[in-house]
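Structural description and commentary
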Amino acid sequence: MKHAEKGLFISFEGIDGAGKSTHIQATADAFKAEGRDVTLTREPGGTPLAEKLRQMVLGDAMDPLTESLLVFAARRDHLTTVILPALERGHVVLCDRFTDATFAYQGGGRGFSLSTLTQLERWVQTVGASFKEPDLTLWFKLEPRLAAERLASARVPDRFESQSEQFFKAVHNAYLDRANAAPERFAPIDASQTKEQVWDQLHAVLKNKKWLKL
Ligand code: TYD
């Protein structure tokens, strides 16, 4: 059955401490206020199996290939059982992180092979004859030093959040490379600004695309 509204797949990215969480919720509320159905989800995670894999990835030490395989296994389950069916139903799917995070954290941060990640990306995101990826990636762009300052006061760090500033510089640079390689998909948001200004930028991107009306 065809739905009146076309599904939209939007991912949210950025280094830890960039402040994307509150804005994901606000984006969900804005779409709902305009009558859209929203699926709010996250990676690694979003399904019972993928949430189990998330616990392992965030909690247990492992080599970078193992880590990448678990993250992509979680992604395959999430994509096929939650994201694609929701898009079919015409939902706006808002996903807290997707494959760009793997290139940033496992590729940049851990220094794992980008060509292996590119192959995994192809395998995992090809469903039937087509390659699936977000229609838009809202990238919360923030200097690693500022992100570290914000995080220091915030919470008990997980296995990634406790990494060095050098790790986060590499994560940041890998996001930059991904953004430069796909400028039509990436919308950089200056996350150093106030919460209100960050929201205004994000809102303007969605209005420009005519995905939000008000
Ligand atoms: P995060 O969105 O920061 O969750 P929370 O706000 O609950 O801490 O994501 C958890 C961590 O997972 C984050 O530090 C980045 C990491 N991560 C990867 O290393 N690779 C990936 O592919 C994804 C999706 C996340």
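Our structure is the block above this text.
What you see is a predicted model, and the numbers here were worked out from it, not measured in a lab.

Quick notes on empty space enclosed by the protein
- Counting across every chain of the model gives one cavity of 30 Å³ or more.
- When its volume is computed, the largest cavity comes out at roughly 30 Å³.
- Every residue along the wall of the largest cavity is listed here: Phe 98, Thr 99, Asp 100, Glu 121, Gln 125, Glu 133, Pro 134, Arg 178 and Arg 185.
- Of the residues belonging to the lining of the largest cavity, the class tally is two nonpolar, two polar and five charged.

Details of the layout of surface pockets
- Of the pockets and cavities examined, the largest pocket occupies roughly 570 Å³.
- Where the lining of the largest pocket is concerned, the elements lending two or more residues are helix 1 (20-33), helix 2 (48-59), helix 3 (64-88), helix 4 (99-109) and helix 6 (144-152).
- The element best represented in the lining of the largest pocket is helix 4, accounting for four residues.
- Looking at the lining of the largest pocket residue by residue, the class counts come to twelve nonpolar, six polar and twelve charged.

A word on the nonpolar core
- Core analysis: the biggest nonpolar cluster contains 42 residues, and Ile 10, Phe 31, Leu 94, Tyr 105 and Leu 138 have the highest contact counts within it.
- Take this core: its biggest share by element is six residues, from helix 7 (residues 165-181).
- Counting eight residues, the second largest nonpolar core, distinct from the first, contains Leu 79, Ala 86, Cys 95 and Phe 98.

A few points about the packing of helix 3 against helix 4
- At their nearest, the axes of helix 3 and helix 4 sit 11 Å apart, and the two run at 175° to each other. Judged by the inter-axis angle, helix 3 sits roughly antiparallel to helix 4. Every residue of helix 4 that contacts helix 3 at Glu 67, Ser 68, Val 71, Phe 72 and Arg 75 is listed here: Thr 99, Thr 102 and Gln 106.
- By residue class, the composition of the contact of helix 3 with helix 4 is two nonpolar, four polar and two charged.

Rules of the game
Residues numbered from 1 in each chain as written. Predicted model: local features only at pLDDT ≥ 70, side-chain atom pairs only at ≥ 80, totals over all residues. Heavy atoms only, no water. 1 Å grid on protein atoms, 1.4 Å probe; cavity = no way out; pocket = protein on both sides within 12 Å on 5 of 7 lines; lining within 4 Å. Points joined across faces, edges and corners; volume = space filled by probe spheres on them. Nonpolar A, V, L, I, M, F, W, Y, C, P; charged D, E, K, R; others polar. Helix = DSSP H or I, 4+ residues; strand = E, 2+ residues; numbered from the N terminus. Core = buried A, V, L, I, M, F, W, Y, C linked by side-chain atoms within 4.5 Å. Buried < 20%, exposed > 50% of the residue type's maximum accessible area, 1.4 Å probe, protein only. Axes fitted to C-alpha atoms, helices over the stretch in contact; angles between N-to-C directions. Parallel < 35°, antiparallel > 145°, perpendicular 65-115°, else oblique. Contact = heavy atoms within 4.5 Å.

Take it as geometry only, folks, not as evidence of what the structure does.
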